[in-house]
Every structure is written in C-alpha cells, then in structure tokens.
Amino acid sequence: MNVLFLCTGNSCRSILGEATFNHLAPAGWHAMSAGSKPAGYVHPRSLALLAREGISTEGYHSKSWENLPATPDIVISVCGNAAGETCPAYLGPVLRSHWGVEDPAHATGADEEIDAAFVKAYRILRARIEAFFALPLETLKHDKAALKAEMDKIAINIT
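Every chain is numbered on its own, with residues counted from 1 as its sequence reads. Side-chain atom pairs in this predicted model are given and counted only at pLDDT of 80 or more, local residue features only at pLDDT of at least 70, and totals for whole chains, interfaces and linings cover all residues. Computation of side-chain values: all heavy atoms of the structure, hydrogens and water removed.

A. The overall build of the protein, seen in detail. Helix and strand definitions here come from DSSP, where helices need a minimum of 4 consecutive H or I residues and strands a minimum of 2 consecutive E residues; each element is numbered from the N-terminal end. Looking only at helices and strands, one finds five helices and four strands in the protein. Reading the protein from its N end, one meets helices and strands in the order β-α-β-α-β-β-α-α-α. The globule rule is 2.2 Å times the number of residues to the power 0.38, and the radius of gyration it is compared with is taken over C-alpha atoms. Against the compact-globule benchmark of 15 Å for 159 residues, the protein has a radius of gyration of 15 Å, which places it among compact chains. Across its three principal axes, the protein shows a C-alpha extent of roughly 45 × 30 × 30 Å. Split into buried and exposed, the 159 residues of the protein put 43% on the buried side. Here, two residues are considered to be in contact whenever any of their heavy atoms come within 4.5 Å of each other. Of the contacts made within the protein by residues no fewer than 6 positions apart, 69% connect residues no fewer than 24 positions apart. Carbon and sulfur atoms provide 53% of the accessible area of the protein, an area that totals close to 7,800 Å². Computed over 14 positive and 17 negative side-chain charges, the separation of the two mean positions in the protein equals 3 Å. The classification of residues rests on relative accessible area computed with a 1.4 Å probe and restricted to protein chains. Under 20% of the type maximum is buried, over 50% is exposed, and intermediate values are partly exposed. Here the open area of atoms and residues is found with the Shrake-Rupley method and a 1.4 Å probe, where only the protein chains shown may cover a residue. For this count, His and the chain ends are skipped, Lys and Arg are scored as positive, and Asp and Glu as negative. Every charge is mapped to an atom, namely NZ of Lys, CZ of Arg, CG of Asp or CD of Glu.

Quick look at the structure:
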C-alpha cells in the first residue's frame, strides 16, 4: 500500500510524515510525499530533527505531486488550519484523510522556540502514524470506509 503525505511546499510536515512512516512501516507499506507548489528544498531543521530521532534522511527532497514514483492508495494531507492555509486536494480515486499540523516553517522567535515547533509537528505526526500502524490494517485495507473512519478518528484524537 502506498501512502502519500501531501502539503503545499513539501519541505517540512509532509517530509517528516514520509520519513517517519517509512521508518516505522511494516512490510508492504510505503510512504512518499509531495507538494502542490514544492519549495524546492527540505527545511534543514526537518532533516536535523529526523537525524536526531535516528531516522534516515537519505533521498528525501521537495517534489511535486505531478511526479510521484507510484500511484497512492491513501492520501494524508498535513496542512494546518491556521493562517488561511489551503491544503491541496489530490484528485485521484484514493482514500483521503486530513491530519492537519501547524507549519513549523512559520515559527518565529528564538532558536529554541522554532526547534520546539518542529518537535511538536514531528511528535503529532509520529503519534498518529503509530496509531495508524496499531490498527488491524490487514482487515481494514479491504474496507476503505472503515479505514477512512479510523484515520479520521486518529486526526481528531491525537493533537
């Protein structure tokens, strides 16, 4: 099963989701990420955070949703709901869930405050991904409506 973490810039949250998902994924599950308007770079704080967490950063780069290496089965949008941010809508026939997370790239203040915003985004995404992998996926992957309901519950319950 291919999971796409989708955002606008594909430089922070969707990269954190992709890398964390792939780090934790059982056999048969793979994540990718993309943006509708890719920034063209991965935020250095995202890469540093992943490295500190022991998650490989090799091969991750900001990319467009027009150049996906595989067709996704599931699309998880991760754009936040603040500041009028509009998350792109993937138009293919896939299961969709919205796991909104505030964009740490917009954090301001001292380095410690900015780093804390990245850690918060990562922890939310990791907790949601861990909850996803705790689901009875072998059963749910054959019942898209039930899987979507469970994924939407994850987004609501883990903030």
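What follows picks up the thread again.
B. Seen up close, the packing of helix α3 (residues 111–133) against helix α5 (residues 144–157). Helix axes are fitted only over the stretch in contact, all axes being lines through C-alpha atoms; the angle between N-to-C directions runs from 0 to 180 degrees. Axis separation between α3 and α5 bottoms out at 10 Å; the angle between their running directions is 150°. When the axis of α3 is compared with that of α5, the two are roughly antiparallel. The interaxial crossing formed by α3 with α5 has right-handed handedness. Note on element contacts: α5 touches α3 through Leu147, Met151, Ile154 and Ala155, opposite Arg128, Ala131 and Phe132. Along the lines of polarity and charge, the residues of the contact of α3 with α5 split into six nonpolar, no polar and one charged. Just so you know how the angles are binned, under 35 degrees is roughly parallel, over 145 roughly antiparallel, 65 to 115 roughly perpendicular, and the rest oblique. Crossing handedness: left-handed means the near helix sits turned counterclockwise from the far one by under a right angle, and right-handed means the same turn made clockwise. Ten residues, namely Ala, Val, Leu, Ile, Met, Phe, Trp, Tyr, Cys and Pro, are considered nonpolar, four, namely Asp, Glu, Lys and Arg, are considered charged, and the remaining ones, Gly among them, are considered polar.

C. Region of the structure containing the layout of surface pockets. Taken as a whole, the largest pocket holds about 230 Å³ of empty space. Looking at the largest pocket, it is lined by 13 residues, and the ones nearest its centre are Gly100, Val101, Glu102, Ile124 and Arg128. In the lining of the largest pocket, the residues fall into five nonpolar, five polar and three charged. For cavity detection a 1 Å grid was placed over the protein atoms alone, and a set of points counts as a cavity when a 1.4 Å probe fits there but cannot get out; an open set counts as a pocket when protein lies on both sides within 12 Å along at least five of seven lines, with lining residues being those that have an atom within 4 Å of a point. Grid points are joined across faces, edges and corners, and a volume is the space filled by probe spheres set on the points.

D. Here's a closer look at the pattern of salt bridges. The term salt bridge refers to a pairing of a side-chain nitrogen on Lys or Arg with a carboxyl oxygen on Asp or Glu at a separation within 4 Å. Scanning all chains against the criterion turns up eight salt bridges. Between Arg126 and Glu130 there is a salt bridge, with the nearest N and O atoms lying 2.9 Å from each other. On the criterion of helical spacing, the pair formed by Arg126 and Glu130 is a turn pair, its members being four residues apart in helix α3. One network of salt bridges, with partners in common, ties together Arg45, Asp111 and Asp115.

E. Expanded view of the environment of Ile76. Note on placement: Ile76 falls in strand β3 (residues 74–77). Distance from Ile76 to Trp99, taken between C-alpha atoms, is 6.4 Å for residues 23 residues apart in sequence.

F. Layout of unusual backbone geometry. Phi is positive for Asn10, close to 50°, though the residue is something other than glycine. For Asn10, a relative accessible area of 1% puts it in the buried group.

G. Summary view of the side chain of Ser14. Residue position: Ser14 is located in helix α1 (residues 13–24). One polar contact links Ser14 to Asn10, side chain to side chain, over a distance of 2.8 Å. With sequence-adjacent residues up to four places away left out, Ser14 is seen in contact with Phe5, Leu6, Cys7, Ser33, Ala34 and Val78. We call two N or O atoms a polar contact when they sit within 3.5 Å, provided that within protein one can donate a hydrogen and the other can accept it, with sequence-adjacent residues counted only if both atoms are side-chain atoms.

H. Seen up close, the side chain of Lys63. Mapped onto the secondary structure, Lys63 falls in the loop between α2 (44–52) and β3. For Lys63, a relative accessible area of 14% gives the class buried. A polar contact of 2.8 Å, which involves the side chain of Lys63, links it to the backbone oxygen of His61. In this structure, Lys63 is in contact with Asn10, Ile15, Glu18, Ser33, Ala34, Gly35 and Pro38, ignoring residues within four places of it in sequence.

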